[in-house]
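Listed here are the chains, written in short residue letters.
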Amino acid sequence: MFRQLKARFGVPVAMAIVGILGVWLIAMVTLPQLQMIDYSFRPSLLPAEIGGPKDGWTLANYVTLFNNDIHLSIFFKTLWSSVFVTLLTLLVSYPLAYYLAKIATPGQAALCLLLLIVPFWINEILRTFSWFILLAFRGPLNEILLSLGLIERPIRFLNGDTGVLVGMVYAYLLFMVFPLYNAIESLDGNQIRAARDLGAGSLRTHWRIVIPHAKPGIATGCIMTFMLAAGSYAVPALLGSPGSRWFTQIIYNWFFEGGDWNQGAAYAFLLLILCIGFMALVMRLFKVGLADIAK
Amino acid sequence: MDGSVILDNVVMRFDDFTAIEPTSLEIRSGEFFSFLGPSGCGKTTLLNIISGFLSPTDGDVRIGNASMRGVPVNHRPTAMIFQNLALFPLMSVYQNIEFGLEVRGVDRATRRRKADELLELVALGGSGGKPVSALSGGQKQRVAIARALAVEPRVLLLDEPLSALDLKLRQHMRNELKAIQRKTGITFIYITHDQGEALAMSDRVAVMSAGRIQQVADPETLYHRPQTGFVATFVGENNRLAGRVIECRDGRATLDIPGLGRLSGRSGSELSPGRPAALFVRPESLSLSDAVGSAAASMLEAHIETVSFEGAWRMLEARLIATRETVRILVGQGAGDVLQPGQTARFGYDPDNAIVLADDGAPTHDAEMGETPRASSQPAQENRHVPSA
């Protein structure tokens with residue numbers, strides 16, 4: 001990389017670019033992470049005790065999770081719910097992305113994309129709050145369902161996981177739609193036409209032609225959505241109930257309510273390992289490499 | 001198996017643009033039929049209507065005498081070979097060929113046997129396991145043919161599939177396509193803008209221009225008896241001299257052409273004295289005056305501008321002294337040797353080898369290409385049709 005930069009900009013500029021990049025990566029990304037890893041392996045001590053005889057590396061913070069049934073169940077619930085959010089988002093995004101990429105005229109596609117993007121100019125907290133209003137017990141959605149006669153009494157959407165799922169699918173939709181759209185858009189329309197011409201119905205055409213082609217896009221979208229969902233804090237905090245707590249909320253509590261950064265760091269790393277594990281699994285499942293996803 | 005295709009008053013309009021004027025046509029079962037025309041003439045639209053990718057605004061398509069109205073693409077007895085072939089890149093050669101059979105629920109063993117037979121037919125035996133990306137252009141072509149034939153279509157539709165190949169391979173594939181068509185007896189409908197391809201392979205050709213079929217005939221008839229100015233100029237090369245009809249008798253028409261006087265040829269369409277018409281003489285029908293030598297020959301005096309060597313032939317471009325129009329003359333090597341640019345020479349033609357067609361204001365191919373008649377050279381045609389007669 002340095003050689004290419006040198007050839008292009010000369011030595012001083014190339015050194016400056018590499019230097020800034022290095023400082024940023026090391027001082028602002030790598031070192032704080034290492035610091036947190038270090039925290040996670042040390043006991044939580046009073047300032048006076050740090051460096052004293054009680055200080056030393058231990059796995060105790062990691063073991064805590066496995067000794068706490070409630071935390072452990074929330075940990076796995078976060079995993080399954082995030083997988084579910086990811087699948088739901090994929091289900092909603094695929095038809096939308098296909099429509100945008102292959103059916104809509106350029107004008108329609110541009111309008112649709114604009115309509116999708118505009119709400120994202122608003123802060124995530126505010127968007128989530130608006131879902132809070134929509135899904136409220138006496139909110140507009142219940143009113144509409146009641147007036148249509150579809151339900152007899154209002155539903156408590158915000159009581160279980162429904163609100164969290166809806167809020168997350170909405171919040172991370174674009175992270176799924178765009179990779180899918182990019183992948184499907186690059187498919188030659190004649191491939192679809194050829195499959196139809198050879199007798200395939202539309203389900204089979206999608207299954208055999210469009211989805212295999214869009215696989216890297218699907219993998220990218222799934223990984224991004226899963227990471228965001230698993231690491232989400234605002235949506236479960238606002239739209240969830242005490243019964244639908246997310247693992248991030250427990251991490252938050254360790255840090256800012258328990259004041260036990262060491263314990264919080266250990267929990268955070270367990271979540272990170274979970275996410276990396278999921279990413280590796282998806283990549284293996286879809287038989288895609290990092291290079292495919294970066295495309 | 002009836003593979004006839006009938007277009008019954010088919011019309012295609014997009015908003016206010018009419019892509020296909022009312023068109024009726026019968027393509028016989030087992031025929032190699034081509035639609036020939038410049039880009040934008042509507043030939044691909046017509047192919048899409050037959051395959052079912054487009055529904056005509058009006059009219060009906062009948063395949064094997066069954067109406068295709070409301071029959072979706074995947075239920076039509078047709079198969080298409082796309083211009084870019086559209087092979088499935090993520091599948092092997094076998095999987096590509098077997099796709100249509102798999103859709104139809106054919107079991108694995110039968111599929112494989114069928115695919116092997118088809119690979120033999122297209123001379124690709126043993127390549128079934130290869131990925132599509134490992135094939136050369138010509139091999140991909142063959143796989144596309146095999147994939148389309150696998151579904152046992154009654155009609156095979158080909159959308160300029162040879163245009164991406166180099167000249168030698170294209171000529172080879174022409175013969176092969178023709179041979180496959182004979183062997184299978186399937187109706188082939190071929191779309192092309194390359195007259196060489198259309199004339200060499202087809203039993204019959206429909207020449208199209210501006211959404212309208214100009215003439216449907218076998219290649220020989222198209223070349224020797226064009227019915228419209230468009231066909232005369234699009235199929236092969238032609239020199240066009242416009243004038244007015246003076247008399248019309250015994251299949252012979254005489255025109256008064258400004259600056260050139262009275263010239264005659266076979267009358268090729270409905271002509272009446274006083275109406276505008278044009279005389280078409282092919283470059284190979286014009287020859288140096290001493291070579292004609294008969295009283296029947298008509299003479300033109302022209303100034304030679306360029307002489308291009310084309311192997312057995314030389315193509316002259318000469319400007320008529322009387323009208324400043326450019327004509328093209330194909331001469332054999334002996335005669336060509338003595339001619340140099342800058343010379344003035346007299347050319348003649350036998351009126352039996354020239355044709356007079358009514359000039360009804362319909363565009364000729366050259367006018368459509370945005371050129372003034374004969375004022376500049378024709379688009380490059382590497383496959384000029386030179387009849388041996």
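Please refer to the structure placed before this passage.
This write-up is about the structure you can find in this document. (Residues numbered from 1 in each chain as written. Chains lettered and ligands numbered in written order. Predicted model: local features only at pLDDT ≥ 70, side-chain atom pairs only at ≥ 80, totals over all residues. Heavy atoms only, no water.)

**Some thoughts on the overall build of chain A**
Tallying secondary structure elements over chain A gives 14 helices and zero strands in all. Each principal axis of the C-alpha distribution contributes one length, and for chain A these read about 75 × 70 × 35 Å. Sequence separation of at least 24 residues holds for 64% of the intrachain contacts in chain A that already meet a minimum separation of 6. Distance between charge centroids for chain A: 11 Å, based on 20 positive and 14 negative side chains. (Helix = DSSP H or I, 4+ residues; strand = E, 2+ residues; numbered from the N terminus. Contact = heavy atoms within 4.5 Å. Lys, Arg positive; Asp, Glu negative; His and termini not counted. Charge placed at Lys NZ, Arg CZ, Asp CG, Glu CD.)

**Focus: the pattern of salt bridges**
Going through the model one piece at a time under the given rule, you end up with 18 salt bridges over all chains. Between R112 of chain B and E98 of chain B there is a salt bridge, with its nearest N and O atoms 2.7 Å apart. Of this pair, R112 of chain B sits in helix α3 (residues 108-121) while E98 of chain B is found in helix α2 (residues 93-103), placing the two residues 14 residues apart along the sequence. We classify E98 of chain B as buried; its relative accessible area is 5%. Counted as one network, the salt bridges with shared partners bring together R204 and R208 of chain A together with E102 of chain B. (Salt bridge = Lys/Arg side-chain N within 4 Å of Asp/Glu carboxyl O. Buried < 20%, exposed > 50% of the residue type's maximum accessible area, 1.4 Å probe, protein only.)

**Remarks on unusual backbone geometry**
Most peptide bonds take the trans configuration, and most residues that are not glycine carry a negative phi. Residues and elements named next belong to chain B. We note that L85 has phi near 70 degrees; this positive angle belongs to a residue other than glycine. Take L85: it is sitting in the loop between β6 (78-81) and α2. The phi dihedral of A210 is positive, around 50 degrees, even though this residue is not glycine. Looking at the secondary structure, you find A210 in the loop between β9 (204-209) and β10 (212-217).

**Some words on the sheet that holds strand β13 (residues 261-267) of chain B**
Strand pairing in a sheet relies on backbone hydrogen bonds, with the paired strands running either antiparallel or parallel. All names here are of chain B. The strand order around the closed barrel built from five strands is β11-β12-β13-β20-β14, with neighbouring strands paired in mixed fashion. Neighbour-to-neighbour, the strand axes of this sheet turn through a mean angle of 55 degrees, independent of strand direction. In this sheet, strand β20 (residues 354-358) lies alongside strand β14 (residues 276-281) in antiparallel orientation, the contact comprising five bridges. Bridge assignment links F280 to a residue of β20, and that residue is I355. (Pairing = 2+ DSSP bridges. Axes fitted to C-alpha atoms, helices over the stretch in contact; angles between N-to-C directions.)

**Some points on the packing of helix α10 (residues 202-230) of chain A against α2 of chain B**
In the contact formed by α10 of chain A and α2 of chain B, the axes pass within 12 Å of each other and the chain directions differ by 155 degrees. By the criterion of interaxial angle, the relationship of α10 of chain A to α2 of chain B is roughly antiparallel. Considering the relative orientation of α10 of chain A and α2 of chain B, their crossing is right-handed. Each of R204, R208 and I209 of chain A in α10 of chain A lies in contact with α2 of chain B, whose residues at this interface are F99, E102 and V103 of chain B. Tallied by class, residues from the contact of α10 of chain A with α2 of chain B come to three nonpolar, no polar and three charged. (Parallel < 35°, antiparallel > 145°, perpendicular 65-115°, else oblique. Left-handed = near helix turned anticlockwise from the far one by under 90°. Nonpolar A, V, L, I, M, F, W, Y, C, P; charged D, E, K, R; others polar.)

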